[in-house]
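Structure at a glance
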Amino acid sequence: MELTQMEQEMLAGKHGEGVALAMKVQVATGEAFGAARMVPITRAHVALSNQDADTWFAEKMAKAGAKCKIAPTVNPGFSLKYFCGHCQSQKAMTAEDVDMMHRTHNVYKQLGAVLTYNCTPYLGSNIPQFKEVIGFSESSATPYVNAVWGARSNRESSLSALCAAITGLVPEYGLLLDENRKGDILVEVQADMDKDFAYQMLGYMGKKIGPGIPVFVGIAKRPTPEALMNLGAQLNTSGAYGMYHIVGVTPEAPTLEAAFGGKEPARKVVITNQDLKEIRDTISHAPGRIDFALFGCPHFSINQIKQVADIVQGQKLAVDLWIMTSANNKYLAERMGLKEILNAAGADIVEETCMDQPCWHFLKGKVGITDSPKLAYYPKKRGINFVIRDLETSVQAALKGEVE
Amino acid sequence: MELTQMEQEMLAGKHGEGVALAMKVQVATGEAFGAARMVPITRAHVALSNQDADTWFAEKMAKAGAKCKIAPTVNPGFSLKYFCGHCQSQKAMTAEDVDMMHRTHNVYKQLGAVLTYNCTPYLGSNIPQFKEVIGFSESSATPYVNAVWGARSNRESSLSALCAAITGLVPEYGLLLDENRKGDILVEVQADMDKDFAYQMLGYMGKKIGPGIPVFVGIAKRPTPEALMNLGAQLNTSGAYGMYHIVGVTPEAPTLEAAFGGKEPARKVVITNQDLKEIRDTISHAPGRIDFALFGCPHFSINQIKQVADIVQGQKLAVDLWIMTSANNKYLAERMGLKEILNAAGADIVEETCMDQPCWHFLKGKVGITDSPKLAYYPKKRGINFVIRDLETSVQAALKGEVE
Amino acid sequence: MKDNFLCHKLSEGVVEGEVLISQDDICYYLVDPATGNVIESGHDIEGQSVAQKILVFPGGKGSSVVQADGLFQLLMKKNAPKAMVIKNPETVLVTSGIIMEIAMVDKVEEQFYSSIKNGDIVRVDANNGEIAILRRK
Amino acid sequence: MKDNFLCHKLSEGVVEGEVLISQDDICYYLVDPATGNVIESGHDIEGQSVAQKILVFPGGKGSSVVQADGLFQLLMKKNAPKAMVIKNPETVLVTSGIIMEIAMVDKVEEQFYSSIKNGDIVRVDANNGEIAILRRK
Ligand code: F3S
Ligand code: F3S
């Protein structure tokens, strides 16, 4: 890689040890991918996880004196305020769990991050412009910023995104270069994409779609932001995708030709209603009685919160129901009267919390219902199983305590 | 105009009086502009003003039973929470002023709006996709959503945007049609656009630029979101613009040819450093002693709040300094430790408040400093005058109590 | 001299009144509701009243909010113009006119502009797309 | 039979160890840190341990967060693979490897894949872009 004078100085430690460490990682990455140079970024999102690797690395950086040159937004850990008052959860958490969240908070504050604790920055707090070069981690975020906003980001890890925030640079390779943003796989969607939930299932077809950049055709109606959030989140649960095209919708795919950059598709895949139904049944726990409902992986939008409130209004839930979202959406829901409706039904809004956190350990051994395969995927490890259904069916199930 | 069966029924009152009234306004508007049909929208922003016309019309709608089909985000009035505790402001406000804000809040809640009370939805709470058809009011918002996001919105008034939110439709004319989005005026920017403030002044050149769609060339570096916010806000203070292009930056202007759609520019304008300096001196109050500083018209971003905090950190302000922003940015500033820094210096963050509201009447007869010509423009009427300088100079002036 | 001119309806209404011409765009917020006087400093009709006039001007300017509110305030005080004859229609001004039921037209025959002066009495029939000069000053 | 193969360095390191081949993409979060055993149900090496192996697989999958954390947990328990030989490098896996100092290569000569089986002992020299089969099972 060719480095500028300034970049060489950064690597050599003239701007502090933290910057040097970040540069070292980024130069090695650039060399692994054959990047010719480093380029400046104007935004970053760090998918902090409040888990060991991440906090270890952030503390290593902070100790080395690093400060973010580009203040990144960050993912959620769990809300100390919300969970430390709830005795079920409190009993299931260890002192280390609570301490870890404090450590995470303190180190990211010290590094100068924008402490959004939200995993859908691409819907609100951190939205790039067309062709803006950025460093985004968080699996649902990179496809969204690339495909929907037309920005340029590689699929950074939380660690490499933190390096980018610190140096203000990224190695130029992969999705930063126009020629690597063209489609590889033609995905003909014959399934009815009438609900946002259909995009959860479409996204979960990673095994059938295979590696490369998918180009979706056959999607007649512009998908909602929530549908596109679902698509990106699940694509990266079932595989690893930093980019896709939807012909006629995403800005780099006005036509099929533009999406493929004139190339022939390397592969063609057809997705039918049957495929979507089969994948749902494969990944879903068997229907029957449920113990709770959990939504918001990725974090629910205010529209989704309203959808749930509209369904439960004036009724009583048979089981607990939680919606994870940003602090701002919780605030808006309160002001708009939605929180009152939800609380009256026995549901609650949980701010700034990820489902893959120790605060949910109290659900161990239980069966929940959710609309998100990603939400269902990780907690298996902790012995929490989920029936997967569309949002409306899930909420109805929570009203009854069971699902067919 | 040709209306569908459904639209005719809406107009005829079959979906309630509120919908019928909204349709009547929209059809008349469509006919005034030669629209062929109505088209559905997927987002709306209502620039509620907490002023008579607006609240009168919203209440008229609510009384007629209207509900928003597309829940719009809304502009700020003033924060009852913030100002009703501050005796200076309280003394200057009348009971009617306070009552008006309650009325505004209640009617928009009843209509089903997303109560964001923020005038920069295009930076966070309500961001359209490329080519999404939407109904946005708020003068700084329409150029931003059209130019920067490549969405399709006419420059709605708060009243017509509310109609659009209620019907879920807009008449198709003007900027909704590709052929009307092409540039008219070539604006060659020879001035140094090195600070976000330069875009305030560039935007204020409306008289020189004249009516039409400006195409800016000569802007080398991608402007920040704050710069583009400034540009749009001031373009609509000095004139009426729903769209612009910046060649090489905005998505519909990859090249000069694309920006003009192959046409010749109807007019050419050159903007120099001298122009920007002259306009500043024309609109600015004479330098000297100042009584206060006020920022956030449009609402400040978290980055701008951080810029101010970085300047005042560890110092004491000679005069009051307020920053207007969203409740969410205030929350983030608090969590990030920026609010503490600002408060220690004697500055404060005011949430969900517009500068053109009665809560500021206590400043009557005083001279302030600000970075925004729009902020300075309207309060003249209330006998509040402003020196206009770039942000850093303004904050430094607030530290000293005067400006050269 | 020609007295009748074709034009295009923006907002319905049929009214008669006295002409007031402005070469500058207008922001109704900088018009005093109590008098109808333009208070924007440097405006070419600064100090003159738009109340009950047939206001002939290029178009609107200023934030969408204040434009509608300004017009509404004038209307409440009965100091709004009777009709607006404009050149550059845009949504903010036009929808405000429609909602507040003030006659408004554009696309007037070019000759109209050289035929009128302040104080002339004209009749604007937006519904039929006609302006007639009734009396010259 | 050929024993030496060219490859391309992703993350530096020179190590020897036993081959474990997976045809499926791997998410390290669904690998038990205490044993190195893959616990993802339906995965083609479910129940087998990646600990101290030269792990040959197509690429990573799963959220960027959990990929890095999973690998870190394995590393802390000394149950991480010694090296990763992959086909589809992506940033998440590669930067995790670099930061955690685990040797990683891609672009191995195609013949390599038909020459090896589970249990073979190989030497991965990422620095010089070489893999050698030292002992076949
Ligand atoms: S970060 Fe968000 S996307 Fe799911 S795994 Fe955690 S809630
Ligand atoms: S709405 Fe916002 S842009 Fe200024 S005039 Fe009010 S603060």
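Rules behind the numbers
Residues numbered from 1 in each chain as written. Chains lettered and ligands numbered in written order. Predicted model: local features only at pLDDT ≥ 70, side-chain atom pairs only at ≥ 80, totals over all residues. Heavy atoms only, no water. Contact = heavy atoms within 4.5 Å. Buried area = accessible area lost by both parts, 1.4 Å probe. Salt bridge = Lys/Arg side-chain N within 4 Å of Asp/Glu carboxyl O. Polar contact = N/O pair within 3.5 Å; in protein donor to acceptor, adjacent residues only side chain to side chain. Helix = DSSP H or I, 4+ residues; strand = E, 2+ residues; numbered from the N terminus. Nonpolar A, V, L, I, M, F, W, Y, C, P; charged D, E, K, R; others polar. UniProt positions renumbered as here; feature names shortened; annotations may be inferred. Phe/Tyr/Trp six-rings, centres within 6.5 Å; stacked < 30°, edge-to-face > 60°. Lys NZ or Arg CZ within 6 Å of the ring centre and 35° of its normal. Axes fitted to C-alpha atoms, helices over the stretch in contact; angles between N-to-C directions. Parallel < 35°, antiparallel > 145°, perpendicular 65-115°, else oblique. Left-handed = near helix turned anticlockwise from the far one by under 90°. Pairing = 2+ DSSP bridges. Near = heavy atom within 4 Å.

Here we come to the interface of chain A and chain D. Contact residues are listed per partner, giving 38 residues for chain A and 32 residues for chain D. Both faces combined, the contact of chain A with chain D buries some 2800 Å², and carbon together with sulfur accounts for 62% of it. The interface formed by chain A and chain D holds 2 salt bridges in total. A salt bridge links Arg155 of chain A to Glu90 of chain D; the shortest N-O distance between them is 2.8 Å. The interface formed by chain A and chain D contains 11 residue pairs in polar contact (both at pLDDT 80 or more). Put simply, the parts of the chain that give the side of chain A that touches chain D at least two residues each are helix 2 (17-32), helix 3 (52-63), strand 5 (155-156), helix 8 (158-167), helix 11 (225-238) and helix 17 (373-377) of chain A. For the side of chain A that touches chain D, the class distribution of residues is 14 nonpolar, 13 polar and 11 charged.

This paragraph deals with the interface of chain C and chain B. The interface of chain C with chain B comprises 31 residues on the first partner and 38 residues on the second. Across the chain C/chain B interface, buried area totals approximately 2800 Å², and carbon plus sulfur atoms make up 62% of it. Its largest share of buried area at the contact with chain B, chain C owes to Tyr29, Thr91 and Ile99 of chain C, together 23% of the area lost on that side. Along the contact surface separating chain C from chain B lie 2 salt bridges. Looking at the side of chain C that touches chain B, the elements that each hand over two or more residues are strand 2 (8-11), helix 1 (64-76) and helix 2 (91-99) of chain C.

Feature annotation in UniProt assigns "domain: Phosphomevalonate dehydratase large subunit-like" (unreviewed entry) to the following positions: residues 1-395 of chain A. Here residues 1-395 of chain A is 41% helix and 14% strand, with 53 Å between the C-alpha atoms at its ends.

For the structure on display, the rule yields 38 aromatic pairs over all chains. With 5.8 Å between their ring centres and 80° between their planes, Trp322 of chain B and Phe362 of chain B make a pair best called edge-to-face. Placement of the pair is Trp322 of chain B in strand 12 (residues 320-325) and Phe362 of chain B in the loop between strand 13 (347-351) and strand 14 (367-370), with a sequence separation of 40 residues. Among the aromatic side chains, those forming a connected cluster through ring pairs are Phe78, Tyr82, Phe83, Phe292, Trp322, Trp360, Phe362 and Phe386 of chain A. Here Lys87 of chain C stacks its cationic end above the ring of Tyr113 of chain C, 4.3 Å away from the centre of that ring.

To continue, consider the packing of helix 14 (residues 302-312) of chain B against helix 18 (residues 391-400) of chain B. Residues and elements named next belong to chain B. Interhelical geometry of helix 14 versus helix 18 gives an angle of 40° and a closest axis separation of 10 Å. Between helix 14 and helix 18, the interaxial angle falls into the category oblique. Considering how the two elements wind past one another, helix 14 and helix 18 form a crossing that is right-handed. Where helix 14 approaches helix 18, its residues Gln304, Gln307, Val308, Ile311 and Val312 are matched on the opposing element by Leu391, Glu392, Val395, Gln396 and Leu399. When its residues are assigned to classes, the contact of helix 14 with helix 18 shows 6 nonpolar, 3 polar and 1 charged.

Residue and element names in this part refer to chain B. Taken together, 4 strands build an open sheet; the order of strands is 8-7-6-9 and the sheet is parallel. Looking at the sheet topology across the chains shown, the edges are occupied by strand 8 (245-246) and strand 9 (267-271). Bridging between strand 7 (residues 214-217) and strand 8 involves 2 bridges; their strand directions are parallel. Note on strand 8: the bridge partner recorded for Phe216 is Ile246.

Turning next to the site of ligand 1. The environment of ligand 1 is formed by Asn75, Pro76, Cys119, Glu138, Gly296, Cys297, Pro298, Cys354, Met355 and Lys374 of chain A. Split by residue class, the shell around ligand 1 holds 6 nonpolar, 2 polar and 2 charged.

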